[in-house]
Amino acid sequence: MLSASTLPKHVAIIMDGNNRYGKRNHLDSGGGHRAGKDRLDPLVEHCRAIGVQALTVFAFSSENWNRPPQEVALLMQLLEDTILEQKPRMKKYQIALRFIGDRSKLSSRLQQLMTNAEQETSHYTAMTLTIAISYGGMWDMAQAAKSLAIQVQQNQLEIDDINEQTFHQQTCLSDLPPVDVLIRTGGDFRLSNFLLWQTAYAELFFTETLWPDFSVEEFDCILQDFAQRERRFGKTSEQVQAIQYHTEN
C-alpha cells in the first residue's frame, strides 16, 4: 500500500494505442477510440480513491488535426460524449474537470460544453481531472511567453521580473502541483509535445500496453516503482537522505 509520502500528487498520461488496439481486435472504424474512452473511468475513480490530487490526460494533440478528417470528426464526437458522461461522475466523486489546449480550433458546441463542465465542477476539491484537447507543450510555452511580452509592453511587468516562476504562472496548470509521474502507453518512447514545461522533473514510465488494455493493476505497479525511485532534484543522494532523516525524526 502506498503511503501519502510516496504517492504522486500529479499523474499525467499519454493515452496511446487506440488505433492499433482496434486493428488488433478487428474492430470497426473508430472502435479502438471508443474502447479507449471507456478505459478512463476506472482509472479516474482509482486515483480519487487512493488520494492522487491531479490526473491529466492527453486526449487530442495539436498535431492530431493532421489526421484523416473522418477520424478527427469521430474524436471530436467522442470528446463531446466524454464531457457529457463525465459531468455526473465528477459530481458523484467531487472532482473538478478542466481542459487545456487551443480552443479556437474547436467547434462552438464543444467549447460551450467544456466551459459549462468547468463552471459546474470548479468548486469540487477532492481531485482535478484535466483533459488536454488541441494541446501542445510548445504552444503552451509560446502562449506563456506572449502573455509576459504583453505585460511588459503594457508596463505591468519589468523584463528583469521574468524568471522561471513568472513564466510558470502563465502556463497551463500553474495552480496544480508539478507532474510527478508521466505514463505513456502504446510502446513509443517520446513525449510527443505533451506538458513539456510541467514534466521537467517527472518520472517517466513507458509501457507496451495499448491504452484500451491499460489496467488499474498496471497503474499501481507503476506507482510502486515510482515510490522506490530517489528524486534528487539536483541534490546528491546523501543530501536527499539527510533531508528524509530529519523529516522523519
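Here the structure is a predicted model, which means the values were calculated and not measured.

### Points about the nonpolar core
Counting 41 residues, the largest nonpolar core has Ile13, Leu55 and Ile183 as the members making the most contacts within it. Broken down by element, the residue count for this core peaks at seven residues, all from helix H3 (residues 69-93). Sequence-distant contacts of Ile183, that is, excluding residues within four places in its chain, are made with Val11, Ala12, Ile13, Ile14, Phe205, Phe214, Phe219 and Ile222. Listed in part, the 15 residues of the second largest apolar core include Ala12, Ala132, Cys172 and Leu182.

### What to know about the packing of aromatic side chains
Applying the stated criterion to the full structure yields eight aromatic pairs. Judged by centre distance (6.1 Å) and plane angle (80°), the rings of Tyr135 and Trp139 are edge-to-face. Here Tyr135 falls in the buried class, since its relative accessible area comes to 0%. The interplanar angle of 25° and the centroid separation of 5.8 Å between the aromatic rings of Trp211 and Phe214 together place this pair among those described as stacked. The class for Trp211 is buried, based on a relative accessible area of 1%.

### Here's the deal with the pattern of salt bridges
Going through the model one piece at a time under the given rule, you end up with 16 salt bridges. Arg184 is the salt-bridge partner of Asp16, the closest N and O atoms lying 3.0 Å from each other. Here Asp16 is found in the loop between strand E1 (10-14) and helix H1 (18-24), whereas its partner Arg184 is found in strand E5 (residues 181-184), with 168 residues between them in sequence. No difference in accessibility class separates Asp16 from Arg184, as the two residues are buried. A salt bridge links Lys87 to Glu120; its shortest N-O distance comes to 3.4 Å. Of the two residues, Lys87 is situated in helix H3 and Glu120 in helix H4 (residues 108-121); the sequence distance between them amounts to 33 residues. With a relative accessible area of 21%, Lys87 lands in the partly exposed category. Relative accessible area serves as the criterion here: at 43%, Glu120 is assigned to the partly exposed category. Taken together, the shared-partner salt bridges in this structure form one network comprising Asp16, Arg20, Arg184, Asp188 and Arg190.

### With respect to the layout of surface pockets
Taken as a whole, the second largest pocket holds about 630 Å³ of empty space. Considering the residues around the second largest pocket, the lining is formed by 29 residues, among which Met15, Asn18, Phe58, Ala59 and Asn64 are closest to the centre. At the level of elements, H1, helix H2 (31-50), strand E2 (54-61) and H3 are the ones that each hand at least two residues to the lining of the second largest pocket. Sort the elements by how many residues they give to the lining of the second largest pocket and E2 lands first, with five residues. Tallied by class, the residues present in the lining of the second largest pocket amount to twelve nonpolar, nine polar and eight charged.

### A few points about the sheet that holds E2
The six strands are arranged E3-E4-E2-E1-E5-E6 in an open sheet whose pairing can be described as parallel. The outermost strands of the open sheet, each flanked by one partner alone, are strand E3 (95-100) and strand E6 (203-206). Across the sheet, the mean angle from the axis of one strand to that of its neighbour is 20°, orientation sign disregarded. Two strands pair when backbone bridges link them, and E5 and E6 are joined in this way by four bridges, in the parallel orientation. Across the sheet, residue Ile183 finds its bridge partner in E6, namely Phe205.

### Quick word on the side chain of Thr207
Along the chain, Thr207 turns up in the loop between E6 and helix H7 (216-228). Taking relative accessible area as the criterion, Thr207 reaches 10% and is therefore assigned buried. Polar contacts involving the side chain of Thr207 include one to the side chain of Glu218, which spans 2.5 Å. Leave out the neighbours within four places in its chain, and Thr207 touches Arg184, Thr185, Gly186, Gly187, Phe214 and Glu218.

Definitions and cut-offs
Residues numbered from 1 in each chain as written. Predicted model: local features only at pLDDT ≥ 70, side-chain atom pairs only at ≥ 80, totals over all residues. Heavy atoms only, no water. Core = buried A, V, L, I, M, F, W, Y, C linked by side-chain atoms within 4.5 Å. Buried < 20%, exposed > 50% of the residue type's maximum accessible area, 1.4 Å probe, protein only. Helix = DSSP H or I, 4+ residues; strand = E, 2+ residues; numbered from the N terminus. Contact = heavy atoms within 4.5 Å. Phe/Tyr/Trp six-rings, centres within 6.5 Å; stacked < 30°, edge-to-face > 60°. Salt bridge = Lys/Arg side-chain N within 4 Å of Asp/Glu carboxyl O. 1 Å grid on protein atoms, 1.4 Å probe; cavity = no way out; pocket = protein on both sides within 12 Å on 5 of 7 lines; lining within 4 Å. Points joined across faces, edges and corners; volume = space filled by probe spheres on them. Nonpolar A, V, L, I, M, F, W, Y, C, P; charged D, E, K, R; others polar. Pairing = 2+ DSSP bridges. Axes fitted to C-alpha atoms, helices over the stretch in contact; angles between N-to-C directions. Polar contact = N/O pair within 3.5 Å; in protein donor to acceptor, adjacent residues only side chain to side chain.

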